[in-house]
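Structural characterization, general
Letter by letter, the chains look like this.
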Amino acid sequence: MSGHSKWNNIKNKKEKTDAQKAKVFTKIGKEIAIAVREGGGNPDTNRKLRDLIAKAKASNVPNDNIDRAIKKAVGDGSVIYEEVVYEGYGPSGVAVIVEAATDSRNRTASDVRHFFDKYGGNLGQSGCVSYLFEDKGVIVILKDDGIDEDALMEAALEAGAADFSADEDVYEIYTEVSDLLDVRDALEAAGYAIESAEKDKIPSTYVTLESDDDIKNMEALIEHLEDSDDVQEIYHNWENCD
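Residues numbered from 1 in each chain as written. Predicted model: local features only at pLDDT ≥ 70, side-chain atom pairs only at ≥ 80, totals over all residues. Heavy atoms only, no water.

Taken together, the side chains of Asp 148, Glu 149, Asp 150, Glu 154 and Glu 158 present a region of like negative charge at the surface. The class of Glu 158 is exposed, set by a relative accessible area of 64%. (Patch = residues over 30% accessible without salt bridge, like charges linked within 9 Å, V, L, I, M, F, W, Y side chains within 5 Å. Areas by Shrake-Rupley, 256 points an atom, 1.4 Å probe, with all protein chains shown as cover. Salt bridge = Lys/Arg side-chain N within 4 Å of Asp/Glu carboxyl O. Lys, Arg positive; Asp, Glu negative; His and termini not counted. Charge placed at Lys NZ, Arg CZ, Asp CG, Glu CD. Buried < 20%, exposed > 50% of the residue type's maximum accessible area, 1.4 Å probe, protein only.)

Bringing the pattern of salt bridges into the picture now. Inspection of every chain in the model, using the stated rule, returns 17 salt bridges. A salt bridge links Glu 82 to Arg 105; the nearest nitrogen and oxygen atoms lie 3.0 Å apart. Of the two residues, Glu 82 is situated in strand β1 (residues 82-89) and Arg 105 in helix α5 (residues 105-118); the sequence distance between them amounts to 23 residues. Among the residues examined, Arg 105 registers a relative accessible area of 44% and is labelled partly exposed. Of the charged contacts, one joins Asp 135 and Lys 201 as a salt bridge, the two residues approaching to 2.7 Å between their closest N and O atoms. Within this pair, whereas Asp 135 is found in strand β4 (residues 133-142), its partner Lys 201 is found in strand β7 (residues 196-203), the two being separated by 66 residues in sequence. Residue Asp 135 is classed as partly exposed on the basis of its relative accessible area, which comes to 41%. (Helix = DSSP H or I, 4+ residues; strand = E, 2+ residues; numbered from the N terminus.)

Before going further, it helps to spend a moment on the packing of aromatic side chains. The way to describe two aromatic rings as a pair is by their centre distance and the angle between their planes. Counted according to the given criterion, the structure contains one aromatic pair. Positioned over the ring face of Tyr 235 is Lys 201, at 5.9 Å from the centre of the ring. (Phe/Tyr/Trp six-rings, centres within 6.5 Å; stacked < 30°, edge-to-face > 60°. Lys NZ or Arg CZ within 6 Å of the ring centre and 35° of its normal.)

Spatial strand order, β3-β1-β2-β8: four strands in an open sheet with antiparallel pairing. With partners counted over all chains shown, the strands left at the sheet margins are β3 (122-123) and β8 (231-236), one partner each. With respect to the sheet, helix α8 (residues 212-227) is in contact with β2 (95-102) and β8, its orientation differing from that of β8 by roughly 155 degrees. (Pairing = 2+ DSSP bridges. Contact = heavy atoms within 4.5 Å. Axes fitted to C-alpha atoms, helices over the stretch in contact; angles between N-to-C directions.)

Spatial strand order, β5-β6-β4-β7: four strands in an open sheet with antiparallel pairing. The sheet terminates laterally at β5 (163-166) and β7, the two strands that pair on one side only. Looking at each pair of strands side by side, their axes are set apart by 30 degrees on average, direction ignored.

So, in structure tokens, the structure goes:
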């Protein structure tokens, strides 16, 4: 998971400036709108919505913002967001997948293509890099002196987890995407505090960038994609990215 850990993504979100946090709130609001359209506004019966509420709280979205986003989605059918996935290559062949939620495919495709072209990459066809990634659920639990690692690992595996890893800061538990919510619920029921439970795309191979220009371009590509209101998630196999 070198450099691609879901925990790194969570820390980056939490360390953003106020302006960047506003963008995070906007993006999660779009995800909530899509979830409500697909499954209704009750998190007790809409597990996707319930998961997004947990994700929003983990990203420090205020409860009032979450409630407003749900109420707006329930009562407003004027703007319809659709989910779109783009695939391409960054500098020196770094594989990049961009997930977006947009009310204008043309605008979003144009913006994403522009960023790839400007920063040494190119937007490819559907499927050009997705085969390099495996969809997994990733549950993050912060390390704590009160947590017995062996007991946590046993509880996770018994709940249906596929793998378990630990570093100096966190435990990361990997599941099949279809098992993510069940494993999370089981661990919460066992008394563990979940920092995050989200799907991720795990690369099968990684690319190390050697030149300063490639590193600067890759950083700029990620930064500009993250700044786009339409872009929800970015996955890549750049190994030495913090």
